[in-house]
Amino acid sequence: MKQLFYLSALGLAMAAIASCDNDPTNPGDFNVKSELEIAQLRSRVTGESYPLTVARSIDSTYRYSYNVYDTLKDASGEAILDKDGKLQITTTVDYYFSHITAKYVEFERITLPSYVDVELDTFDLEVNSNAKWLAPKIKEDVNWYNVISTTTGGGDGTLSFTIKQFSGTTSKNIVNQIMLTADSALMYRIQLGHTGLKYTGE
Amino acid sequence: MKRYIIALFSMLAALVTMAQVTVTGTVYEPTGDTAIGASVYEKGKDGKGVVTDIDGNFTLKVSSDKATIIVSYIGLETQEIALDGRNHVDVHLKEAPNVLNEVVVVGYGTQKKINATGAVKTIDNEVLESRPISNAVQGLQGAVAGLNITNDAGGAPGAEMNINIRGIGSIGDGSDSNPLVLIDGMEGDLSTINPNDIESISVLKDGASAAIYGSRAPFGVILVTTKSGEMGTRVNYTGNVRFQQPINVPKMVDSYTMALMVNDAWTNAGGGAQFGKAALERLLAYQRGELPYATEAQSDLQWKGTYASWGNTDWYSEYIKKVAVSQEHNATVSGGNQKTKYYFSGNYLDQAGIFRHADEKYKRLALSGRVNVKFNDYVQFTWTSRIIATENNKPSLLNNLFFHNLGRRYATEPVYLPNGEYHPNSLIQPMEEGGRVKDKTQQFYNQANLVIEPIKDWQIHAELNSRIEHNPYTRQFNPVYVTAPDGSRQPISFGDTGRHKIDNNNGTFNVQPELEEAYYEKANRSINFFSTNFYTDYKLTFNDKHNFKFMVGMQTERYHRNYDRVASTNIVLPDRPFFPSEIGGESTMISEVNEEWSTVGVFGRVNYNFDDRYMLEVNMRGDGASRFPKNQRWGYFPAVSIGWNIAQEKFWESLTTVCNYLKLRGSYSELGNQNTTSFYPYYEKMATNAGQVVIGGQQVTILPAYTPFSSSLTWEKIENVGAGIDFGFLNSRLTGAFDWYQRTTKDMVGPALSLPGVFGAKAPKTNNAELRTRGWEFELAWRDRIGKDFSYSISGSISDYKSVVTKYQSSDNKITGWYQGKNYGEIWGYEVVGIAKSDREMAQYLAQHSQTAIGSKWGGGDLMYKNQDNDPAINKGAQTVDDHGDLVVIGNTTPRYAYSFTLEAKWKFIDFRAYFQGIGKRDYFIGDGNTCTATFAGYGGRPWQTTLFYDHLDYFRYAGSELGANYEDPYFGRLRTDGNNVQYCDRFLQDASYLRLKNLTIGFSLPETTKISRYVQKARLYFSAENLFTHSKIKTFDPEALDSNGDWGAGKCYPQYRTFSIGLELTF
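Described below are features of the structure shown in this document. (Residues numbered from 1 in each chain as written. Chains lettered and ligands numbered in written order. Predicted model: local features only at pLDDT ≥ 70, side-chain atom pairs only at ≥ 80, totals over all residues.)

## Quick word on the overall build of chain A
(1) Moving on: Broken down by element type, chain A carries one helix and twelve strands.
(2) Moving on: Starting at the N terminus, the α and β elements of chain A follow one another as α-β-β-β-β-β-β-β-β-β-β-β-β.
(3) Moving on: The buried share of chain A, taken over its 202 residues, is 20%. (Helix = DSSP H or I, 4+ residues; strand = E, 2+ residues; numbered from the N terminus. Buried ≥ 20, exposed ≤ 12 C-beta atoms within 10 Å, placed from the backbone.)

Laid out in structure tokens, this is it:
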């Protein structure tokens, strides 16, 4: 009988051990923070690099919102129908704070010149990053500035744009190009000005 | 008077008593211990013996003191002892040199293993005993080197496995290279026979040993010998209860994680996120239990699902049970005496499936009976009948499409609607109520075997074999409905667009019901097989050294099968389906297949051995097969094999104590293959078809002209060459064998070279292709005993083969087809340089090697494919042998180095067996021919091919991702809805090799000294487990649940499972 008992226990142990399967896990590292560095701004035509000097830097936390749609209901939870017998949709806005501490960096304005023999100068804004980043379309209506590369990227990349030759002295329009990581943890504002052929430096 | 009679009777009684002598004695084992339960009987009186008691003593009444007694004991050599006037004898038994006495079953007879010159392996039923298996094929996996049994299609109840001996034999168009399976000499189905009825299995691996079966057996033979009755009556019961647990079931990600992955896949391909912030918040709220329902009305007629619902369902957990319970019972009654022996058995298997909502059942009932009558010393007759009935009952929805859709179902789909009904996208209602498939098999075998021995050593055999088989089959699709938000009843789709097609090759219907369609299909297949074997053999010995055995015979076979199949969508009562009476109904499908083949064979064999040292065997067979044109119908197939028993030589005598058995052998044979898929390969069919012309609003039926064919089409020929060595050391405690072989299949049917377009048709196929297979096998076994109580054995085998196409006239030399020089199982794909860590790295790479031919919008996180040629673009070229672009051979899917090893031990009344089986090397690509399947990579090249498991989380992600950064060393590139990162490539080539603890059995036998043993001859309780542990590096799936032939790509089939069982064995 003792042998039978041991045999049964061995059989149950065998079943219990074999039943365990290892579940796969997410290898994602949540401790790695997004990084984005504007490395340099360089002209393809002249090869000149323009310094990027930080004007100010602010830390903040984002607040997000989203619309919540529901149907109009009475106190007992029953839907209140309109005169046509249809459900009435209500919209409310919910807000919540992000868990991310965001950094906002502004650079001092960079003024880009015009050259007599260069109708279109191309510039490369090189970024070093370990994150997805965006360079949204600028809000201003500026005709001398045109982005020619993709406005989204991942990791190290380049935002390329062209500058049209300006015949006047100084353009009134200023470009505010934003670049930010996809999780909005880092945001840069690059301000660009443009001088024309008649610009004398005063 | 009365006194005289009494005196007469007393004298007679005294005489009788005096004539019987009482003999006593003790039987000892080789270890010196007494042998308990040894059998002792007078020679010629088998049924009237005794067994030794606990002290090894016996008392036996014999006819006289000059009688001879026989003492036998399991595992030891039987001894005959002449009493010579003694009435007390002590018997010391010796170890049986089992190799020298071992018998192997060969074609039309048996041979002593030491005299066998072919590659033959015989195993007994131990490999099948006490195992919770559904059929014998499962149990044989890994049991014999060179017998390759593979299972790619998971563990569906009633599923068939692939069998080949020494690799693939033919790639000829319409050819079949399965081995011939003979059950007691008649072709049978190894997957349905009751495994408990099997006595032994012999595998004839090479052409020489299979040659006697001619053109039915060019790729080997599996001979199954079933049990017969023995002396003394026995009643045996074995039964077990099994608990099946699915293994390697993928784990789907939760709904929130899935939504983030879907967003990534869409944005990485340049699209927009599918789940906005509100949707994501709602998913989390539902997961936290804050929302009662996971869906709401999308419109009056539809509920929200897929992207719009917010459930959290792991569909594999929802559909697959944790445990399914099955049972098997087997009872036999056997017995007999010197004149008559009988064996009757009954077996019942009830196997449940592991899918919830499906109520799958596979049942088998097998009854068999065998009676052997020995009329006299010259004539004996055996009759065997076997009835096997199986039924596979499952939902019509449980097909490959279901497995394809199971993984594609979003985790956001809820199981239930707010009204309590199942969500229509869950497909649970179609599974439960959408109709069933009932596939039955009824096989009735009858065999009559007459053996006449007119004089000693001359036997005449006459066998009549019959197999009648019926396969009633029904399939039904019932419309199912869900209550829509507005309260109306809306039909539920079964997961794909409707289609109704007939496969003209076999008459089956490929059907997916339209919405709301009631479909009923009924089919019956009947098979009638009849064969006769007449053969005679004669043994002749000269001078005690020259031993001949001659055998000649003839065989006939006739096989007829008929399929009738009818289906209709005009079903009035789905609960009680019947076909409508209608004329010219549009909703009816009908097909019939009616075909037959027959063969006639004459064969002869001569065996010669000189003094058990030098052996020669010559086989010759002539076959006529109905499958070939009249002028090609006959083929003649010779085979020769030789052997040399070195250990029997005089010069070896001094080494016998170390090496008691050493035999070299070699063989050569030429066999023909008549196993074409079609029974009429030299006919071309004109099959009716729906034409592209519409007359009167209906598509007309057309009869296209047949394809031209060659009238010189003839047999495939298989040439086998092999050599082997068998050995036994230390009185056969260590035994083994090594074989090397080469098999060349010539004259396979292949395509002819293209003809000019004016010919107006494809060039006819001819016998112009060749395939060569080379391989080897190695087996080793050690058996020993320590003391009286402990015995053990360790055995193992390993085998390997490679096949290459040595001749093929491909018209286009596509690497996706066959071509000269192609290794069987080749996988072509790209090589991957790595994953670009950033857009800049990818841009720099693309500047050198354009990847526009295989994708667009490449960036960081995507794969960089290696450029193999001078063309700067990465592409597939023309996918031909001469222009394959940047594709290279990245692997081979042939299972290599198939191995197994067994550890067995017995100590007193406890027995233990561990059986490991595995494949040493196998490459596998989980794809659909173009890209990875979604089940492997998460996305399969198209947005709707989405299957997201936790395994898929190891994809490239930048820092800041909501799923965490993963850019140092991810396995997958970025998830994308397009085909950029899912090409066939070496990076995703899977290592499908595995090691599996195939069976572990621990048994406890009732000791013979207990009181119960008076009533029960043997009682054994055992625990057994199948597929207990598996070690494999393949991602996500079980290495035997990949379904390489699936309609929807690999990785979408029934899961594999492990089984635990408790069993009881009783013998009365």
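## Some points on the pairing of strand β51 (residues 1056–1067) of chain B
All names here are of chain B.
(1) Moving on: Across twelve bridges, strand β17 (residues 234–247) lies against β51 in antiparallel orientation. Across the sheet, residue asparagine 236 finds its bridge partner in β51, namely threonine 1067.
(2) Moving on: As defined by bridge partners, strand β49 (residues 1018–1026) adjoins β51 across nine bridges and the pair is classed as antiparallel. The residue bridging tyrosine 1022 from the neighbouring strand is glycine 1063, located in β51. (Pairing = 2+ DSSP bridges.)

## Regarding unusual backbone geometry
With the exception of glycine, the majority of residues adopt a negative phi angle, and the majority of peptide bonds are in the trans configuration.
(1) Moving on: If you check the backbone angles, Ser184(A) has positive phi at about 60° while not being a glycine.
(2) Moving on: The phi dihedral of Asp611(B) falls on the positive side, at around 55°, and the residue is not glycine.
(3) Moving on: Here Asp611(B) falls in the partly exposed class, since 13 other C-beta atoms lie within 10 Å of it.

## Focus on the sheet that holds strand β10 (residues 120–124) of chain B
Residue and element names in this part refer to chain B.
(1) Moving on: With respect to topology, five strands assemble into an open sheet ordered β10-β15-β16-β13-β14, the strand pairing being mixed. Only two strands of the sheet have a single neighbouring strand rather than two, namely β10 and β14 (186–187).
(2) Moving on: Of the strand pairs in this sheet, β10 and strand β15 (residues 198–204) are connected by five bridges, and their pairing is antiparallel. Residue pairing in the sheet places aspartate 124 in a bridge with serine 200 of β15.

## Quick word on the interface of chain B and chain A
(1) Moving on: Taken together, the contact between chain B and chain A spans 36 residues of the former and 38 residues of the latter.
(2) Moving on: Every element with two or more residues in the side of chain B that touches chain A is listed here: α6 (277–287), α10 (839–848), β48 (994–1005), β49 and β51 of chain B.
(3) Moving on: Of the residues in the side of chain B that touches chain A, the class split is 17 nonpolar, nine polar and ten charged. (Contact = placed C-beta atoms within 7 Å. Nonpolar A, V, L, I, M, F, W, Y, C, P; charged D, E, K, R; others polar.)

## Some points on the sheet that holds strand β6 (residues 120–129) of chain A
Backbone hydrogen bonds hold the strands of a sheet together, and the pairing may be parallel or antiparallel.
Residues and elements named next belong to chain A.
(1) Moving on: Reading across from one edge, β2-β1-β6-β10-β8 is the order of the five strands in this open sheet, with antiparallel pairing throughout. In this open sheet, the two strands that pair with only one neighbour each are β2 (49–50) and β8 (145–147).
(2) Moving on: Across eight bridges, β6 lies against strand β10 (residues 157–164) in antiparallel orientation. Across the sheet, the residue bridging to glutamate 126 is threonine 158, located in β10.

## Some details on the nonpolar core
(1) Moving on: Core analysis: the largest hydrophobic core is formed by 115 residues, its most contacted members being Met179(A), Val253(B), Met258(B) and Met261(B).
(2) Moving on: In terms of residue count, helix α5 (residues 255–268) of chain B provides more of this core than any other element does, seven residues in total.
(3) Moving on: Sequence-distant contacts of Met261(B), defined by excluding residues within four places in its chain, comprise Val253(B), Gly938(B), Leu948(B) and Leu975(B).
(4) Moving on: Core analysis: the second largest hydrophobic core is formed by 47 residues, Val104(B), Leu140(B), Ile212(B) and Ala366(B) among them. (Core = buried A, V, L, I, M, F, W, Y, C linked by C-beta atoms within 7 Å.)

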